[in-house]
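So the chains spell out like this:
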Amino acid sequence: MRSVPMTMFSNFPGGARYLARLGISALTAGTLTLTGWVSLAAIDVCGSAALASHQFGRDGRDGRNGRAGRNGRDSANQTVRATGNPVRIDLAGTDGEDGGYGEDGEWVRCRRQPRNERRNLQAAAGGNGGHGGDGGRGGDGGSLTIHYANSNELRQILVTAAGGRGGRGGRGGNGTDGCNCHDRRWSVEVCKDGTCHNEEYQCYDGRDGTDGRNGRNGEGGSLGGLVLVNQLEPLPQETPEQSQAVASLANQTVTLSRNLWDTRDNAKNLLASGSTVASSYRFYTGHIERQFTLDWQAPQTAQTFTESLDLELRPNGQIDIDFPEAYWLLGETVEQETLTTYRVDGIVPVAEVAQLALGRVDGRSRTFEVNVVDLAQRSDVLETRFEVRYSTASSSGRRRRYDLEFDGPVPADLIVQDHNRFTLALGRLPIRSQLLSGGTRAQVELTIIRSYGNNSAEQTLTWT
């Protein structure tokens, strides 16, 4: 420790005024000590708080990630005819590209550690290595279709339909080391109004950059498949699925067709030795055709039903009929050799099933009636049932609590239907008469169940 004489301040211009401005007494200035070359800026002459941690040096930049390898190309499919002559067919997929290397992190710039700082120090961090790029996927082998008349001629065909190899993942880049501290701990003496104390500070080494992960290896491509057709002629055209509007199918006949296939194993045993192909292969077994028609017997005209009906011919010869969800149908399927007929006995749009509304509500006590009107006018073909929850509450009091008096189906003898209007004699339900009289608040919740064949839907109407 060295004592700093007063003349150090008084011998430069304005030195005395400087001391006066700092508010340092002659006694304090005469006994002030410094460590090494501590500057005046390190002296807490105003009692200010210590500054926050401060970084020195410049962090290293992170390395860039490696580029992902491109996928290999799938081989095109090919169709050939077996002639008995040796032939070599290459349907291999190409290899995927290797992923690029990740870039190494940048080295940090470690500057000289500042001395006797009145704050903690943080050394610069190293750069992270970039991740390696993933390898590309190998291309798939192509499918080979062979038409033949003699199965022995297949042994003259050498097929290479291997999948391409997946590309290798790129190596991850290396992370770089962070900067280290030269002085890890130090103290600075601080004096104020003749009282001195030491403040402790420390330096933290910079974080080392992490190494980038290696890229993933690409998957290998799939083996190409084999398709065998035991005839030299081209396969017949097939239409196993059709979608047409209900109106266009009414009383019309459409044809569906499908080629039939069997799945077998050990394809390599049928081809030339050294062939590379998937073991499972498809074998053509024939062609079927079926007809379909809608026998329209519904009272409504078919032309108003424009939603599409989907048909699919299954390999077993049956036709799946997928009616549009927008309609409810009554009918029956009839099978006759190669003809499938669906007889439409009735059809109702679902949107018109639950279009009921409350009509006139009239009467009191045992003459209390509720009318329900079918706005879509479908009540001549739909079955309609009613369930009711009848609750009452006293009309007095600020807060009303409804008590359930009846919950169940409305008996058929209490329902009168006049075309599309229903009159419910709810006053004749087994409820005490005083709960149906004037001065009593009632809440009626009607659940209406509409059904048509195996279809049903509900609608709820409430009256208070």
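Residues numbered from 1 in each chain as written. Predicted model: local features only at pLDDT ≥ 70, side-chain atom pairs only at ≥ 80, totals over all residues. Heavy atoms only, no water.

(A) Seen up close, the nonpolar core. Formed by 22 residues in total, the largest nonpolar core has its most connected members in F292, L294, W296, V344 and I347. Looking at this core, the elements with two or more residues in it are α4 (246-249), β13 (253-264), β14 (281-296), β15 (308-313), β17 (327-336) and β18 (339-349). A total of 4 residues in this core trace back to one element, the largest contributor, which is β14. Not counting residues within four places of it along the chain, the set of residues in contact with F292 comprises Q252, T253, V254, L309, L311, I319, I321, L339, T340 and Y342. (Core = buried A, V, L, I, M, F, W, Y, C linked by side-chain atoms within 4.5 Å. Buried < 20%, exposed > 50% of the residue type's maximum accessible area, 1.4 Å probe, protein only. Helix = DSSP H or I, 4+ residues; strand = E, 2+ residues; numbered from the N terminus. Contact = heavy atoms within 4.5 Å.)

(B) The pairing of strand β16 (residues 319-322), seen in detail. As defined by bridge partners, β15 adjoins β16 across 4 bridges and the pair is classed as antiparallel. The residue of β16 that forms the bridge with L311 is I321. (Pairing = 2+ DSSP bridges.)

(C) Quick peek at the environment of A68. By secondary structure assignment, the location of A68 is in the loop between β3 (54-56) and β4 (78-81). On the basis of relative accessibility, which here comes to 46%, the residue A68 falls in the partly exposed class. When the C-alpha positions of A68 and G136 are compared, they lie 6.8 Å apart, and in sequence the two are 68 residues distant. If near-sequence neighbours (up to four positions away) are discounted, A68 is found in contact with G99, G133 and D134.

(D) Molecular detail of the sheet that holds strand β10 (residues 195-204). Ordered by their spatial adjacency, 4 strands build an open sheet running β3-β6-β10-β9, and the pairing between neighbours is mixed. Of all strands in the sheet, those with a lone pairing partner are β3 and β9 (185-192), marking the two edges. When strand polarity is set aside, the average angle formed by the axes of neighbouring strands in this sheet is 25°. With 3 bridges connecting them, β3 and strand β6 (residues 121-123) associate as parallel partners. When the sheet's bridge partners are listed, Q55 is paired in β6 with Q122. (Axes fitted to C-alpha atoms, helices over the stretch in contact; angles between N-to-C directions.)

(E) Focus on the sheet that holds strand β24 (residues 421-424). Strand order across the open sheet formed by 4 strands is β19-β20-β24-β23, with antiparallel pairing between neighbours. Only two strands of the sheet have a single partner each, and these edge strands are β19 (356-362) and β23 (415-418). Averaged over all pairs of adjacent strands, the angle between their axes in this sheet comes to 20°, without regard to strand direction. Sheet topology note: the strand β20 (residues 369-374)/β24 ladder contains 4 bridges and is antiparallel.

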